[in-house]
Number of protein chains: 2
Amino acid sequence: MKNIKIHETFFKEYSIKNTRQRSIVLDILDNSKEAKTAEEIFLLAKDIDETISLSTIYRTLTLFVEKKFLIKMSALEENLSKYALNKADHAHYLLCLKCDKRIEVGYCPLSVYEESLKETYNFNIVGHKLEIFGYCQDCQNS
Amino acid sequence: MKNIKIHETFFKEYSIKNTRQRSIVLDILDNSKEAKTAEEIFLLAKDIDETISLSTIYRTLTLFVEKKFLIKMSALEENLSKYALNKADHAHYLLCLKCDKRIEVGYCPLSVYEESLKETYNFNIVGHKLEIFGYCQDCQNS
DNA sequence: GTTAGTGCAAAATCTTTGCATATTT
DNA sequence: AAATATGCAAAGATTTTGCACTAAC
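Heads up: these notes are all about the structure in this document. Every value quoted in this text rests on a predicted model; they were computed, and no experiment measured them.

### Considerations on the overall build of chain A
So, point 1. In terms of helices and strands, chain A carries six helices and six strands.
So, point 2. For chain A, the α and β elements follow one another from N to C terminus as α-α-β-α-α-β-β-β-β-α-β-α.
So, point 3. Taken as a whole, chain A presents about 8000 Å² of accessible surface, with 47% of it coming from carbon and sulfur.

Listed below in structure tokens is the structure:
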């Protein structure tokens, strides 16, 4: 069993127990450039701790998604879910057309979409810009 | 068995055989405001033709996705795929940073994402703008 | 008439759950 | 010590496939 970084403070912030398995999964996600499937995460986790089980991976991923720091998305072509950390440096905004309020949305749903665009169009994607407009809660009521 | 609209010309355009089952599925999708799961489409299809099978639904959806006029996406919270027609009025572009070429991308991956934003932020979404930049095939080679 | 599509049932794949044991607080 | 998480194996759900039959071109 390899040593892994302990994410004690991080887990405390989200009021979840700090277990070895959760640290392993968080570590893997944190070191992933691309979104990963549960199976991929499981295989990487086994390199660190041979005894980890797939159900723990699923339970951990579900927990992280509930806590909203992990994003679950679909791999467009296959019937698989992929997971990626909701990194702070990748925010989008909801823009209210009435009061001009900006609401930050933590996560970005485009990673997997970009992968598929790369393949389909042979386009080397550097970045994207996403703006979503509509009416905020307050302005809907007035 | 109800009468359904026949999409002969449409299917001819995409070089696929015009079958009753495919017309039913296309009709259902065309009349759907929201993306639908295979199961939902199956149940609606059974109202029109009691004998239609779930495997035909899956095979038809897979075909339509291959032909690129149907978009497959994930229902973020559940482990399900949803399908929605790639309507012409909803294109995005890949913008080349070197030669300023614009490449139209037919489909839009944001429908399901928007649904989830509506719920999370109680934000009434009217529209969005998505721009993707990078380098086109030609400019990568030079 | 030939080629391709369909329905059914069975298989494959992905995900969740029950329960006894182990770990965390 | 109490509460929660884990591993295993079994179950559940969704999707795919083989094959005989049927429909489309």
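Read on for the rest.
### Section: the protein's contact with DNA strand D
So, point 1. Every one of the 19 residues lining DNA strand D counts as a neighbour, but Q21(A), T56(A), R59(A), N79(A) and Y58(B) are closest to it.
So, point 2. Near the protein, within 4 Å, the atoms of DNA strand D are sugar or phosphate in 70% of cases.
So, point 3. Here a phosphate oxygen of DNA strand D sits 2.9 Å away from a polar atom, N or O, in the side chain of R22(A).
So, point 4. Taken together, the elements giving at least two residues each to the surface near DNA strand D come down to α2 (20-30) and α4 (54-66) of chain A together with α4 (54-66) of chain B.
So, point 5. In terms of residues, the surface near DNA strand D owes the most to one element, α4(B), which gives four residues.
So, point 6. Counted by class, the surface near DNA strand D contains four nonpolar, ten polar and five charged residues.

### Some points on the packing of aromatic side chains
Residue and element names in this part refer to chain A.
So, point 1. This model, assessed by the stated rule, comprises twelve aromatic pairs over all chains.
So, point 2. Between F64 and F69, the aromatic rings sit 4.7 Å apart at their centres with planes inclined by 45 degrees, giving tilted as the arrangement. As far as burial versus exposure is concerned, F64 and F69 are alike and both buried.
So, point 3. A connected cluster of aromatic rings, assembled from ring pairs, spans F10, F11, Y14, F64 and F69.

### A short note on unusual backbone geometry
Residues and elements named next belong to chain A.
So, point 1. Unusually for a residue other than glycine, S15 sits at a positive phi of about 55 degrees.
So, point 2. With respect to the helices and strands, the residue S15 is situated in the loop between α1 (8-13) and α2.
So, point 3. A relative accessible area of 62% means that S15 is categorised as exposed.

Calculation criteria
- Residues numbered from 1 in each chain as written.
- Chains lettered and ligands numbered in written order.
- Predicted model: local features only at pLDDT ≥ 70, side-chain atom pairs only at ≥ 80, totals over all residues.
- Heavy atoms only, no water.
- Helix = DSSP H or I, 4+ residues; strand = E, 2+ residues; numbered from the N terminus.
- Areas by Shrake-Rupley, 256 points an atom, 1.4 Å probe, with all protein chains shown as cover.
- Near = heavy atom within 4 Å.
- Polar contact = N/O pair within 3.5 Å; in protein donor to acceptor, adjacent residues only side chain to side chain.
- Nonpolar A, V, L, I, M, F, W, Y, C, P; charged D, E, K, R; others polar.
- Phe/Tyr/Trp six-rings, centres within 6.5 Å; stacked < 30°, edge-to-face > 60°.
- Buried < 20%, exposed > 50% of the residue type's maximum accessible area, 1.4 Å probe, protein only.

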